[in-house]
Amino acid sequence: GQQVMQIPQYQHVQEGEDFTTYCNSSTTLSNIQWYKQRPGGHPVFLIQLVKSGEVKKQKRLTFQFGEAKKNSSLHITATQTTDVGTYFCAGMDNYGQNFVFGPGTRLSVLP
Amino acid sequence: ETGVTQTPRHLVMGMTNKKSLKCEQHLGHNAMYWYKQSAKKPLELMFVYNFKEQTENNSVPSRFSPECPNSSHLFLHLHTLQPEDSALYLCASSQDWTWGSLGEQYFGPGTRLTVT
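Model, not experiment: these values are computed from the prediction. (Residues numbered from 1 in each chain as written. Chains lettered and ligands numbered in written order. Predicted model: local features only at pLDDT ≥ 70, side-chain atom pairs only at ≥ 80, totals over all residues. Heavy atoms only, no water.)

### Considerations on the sheet that holds strand β1 (residues 4–7) of chain A
Residue and element names in this part refer to chain A. What the 5 strands build is an open sheet, ordered β1-β3-β8-β7-β6; its pairing is antiparallel. Each edge of the sheet is formed by a strand with only one pairing partner; in this case those strands are β1 and β6 (55–58). Within the sheet, the average angular offset between the axes of one strand and its neighbour, ignoring direction, is 15°. In this structure, strand β3 (residues 19–25) lies alongside strand β8 (residues 71–76), joined through 6 bridges in antiparallel fashion. Bridge assignment links threonine 20 to a residue of β8, and that residue is histidine 75. (Pairing = 2+ DSSP bridges. Helix = DSSP H or I, 4+ residues; strand = E, 2+ residues; numbered from the N terminus. Axes fitted to C-alpha atoms, helices over the stretch in contact; angles between N-to-C directions.)

Right, here's the structure in full:
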């Protein structure tokens, strides 16, 4: 079945450093979403990417969807302590039948 | 506050008990979802309801029984659970579930379930 993997599993950065998490799917995706979950909280939608090679920016966050629509990345520039949390990618397969979350990347930001 | 509420927030139940989780959304959405989040596995989509019709059941054991009486309410009925079913159960909603484009999902705060 469809599998979605994320690396790294954990990332510790100093405040002000950049951070990137990568998401890889075993199958081609029709779209991919990114969510953020703060400790003790629930997932909050960040963005959805649909087109091959698509790049979207939200302030310090840059999201990219791979040309083959099997991978994606989230890059945070100059991290802040408010960026702490777990970042999940989630993808819908090309048949529109399976929606699978990755295991997440847990980000810690040291002040 | 996302517009999706869940009750109870915490639940402890024995393996022989029957309980229900409730979810309500105030966003006018047509699709609602149940997810399971445990420490050892990624978020797992359990059930999808689109316009009150169940469209997805991802091989969930029959001890979990969903019910969607209208597009604003979703229940998860639990009976004879196992300790490994202990997890955070999250409800979510989105505008609808369509092929190729799921849309933004709004999650509730979750019910922390412990099965003893």
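Back to the write-up after that little detour.
### Some thoughts on the nonpolar core
Nonpolar side chains tend to gather and get buried jointly when the protein is soluble and globular. Ranked by size, the top nonpolar core spans 22 residues in total, and within it Trp34(B), Phe64(B), Leu76(B) and Leu78(B) carry the most contacts. Mapped onto this core, the elements with two or more residues apiece are β2 (10–13), β3 (18–25), β4 (31–38), β5 (41–50), β7 (64–70), β8 (73–79), β9 (87–94) and β11 (111–115) of chain B. (Core = buried A, V, L, I, M, F, W, Y, C linked by side-chain atoms within 4.5 Å. Buried < 20%, exposed > 50% of the residue type's maximum accessible area, 1.4 Å probe, protein only.)

### Notes on unusual backbone geometry
A cis amide bond links Ile7(A) with the next residue in sequence, Pro8(A), at an omega value of -5°. Summarising the element assignment, Pro8(A) is placed in the loop between β1 and β2 (10–14). In the segment running from Thr7(B) into Pro8(B), the intervening peptide bond is cis, with an omega of -10°. Looking at the element boundaries, Pro8(B) is found in the loop between β1 (4–7) and β2. Here the phi dihedral of Thr80(B) falls at roughly 45°; this positive angle occurs in a residue that is not glycine. With respect to the element layout, Thr80(B) can be found in the loop between β8 and β9.

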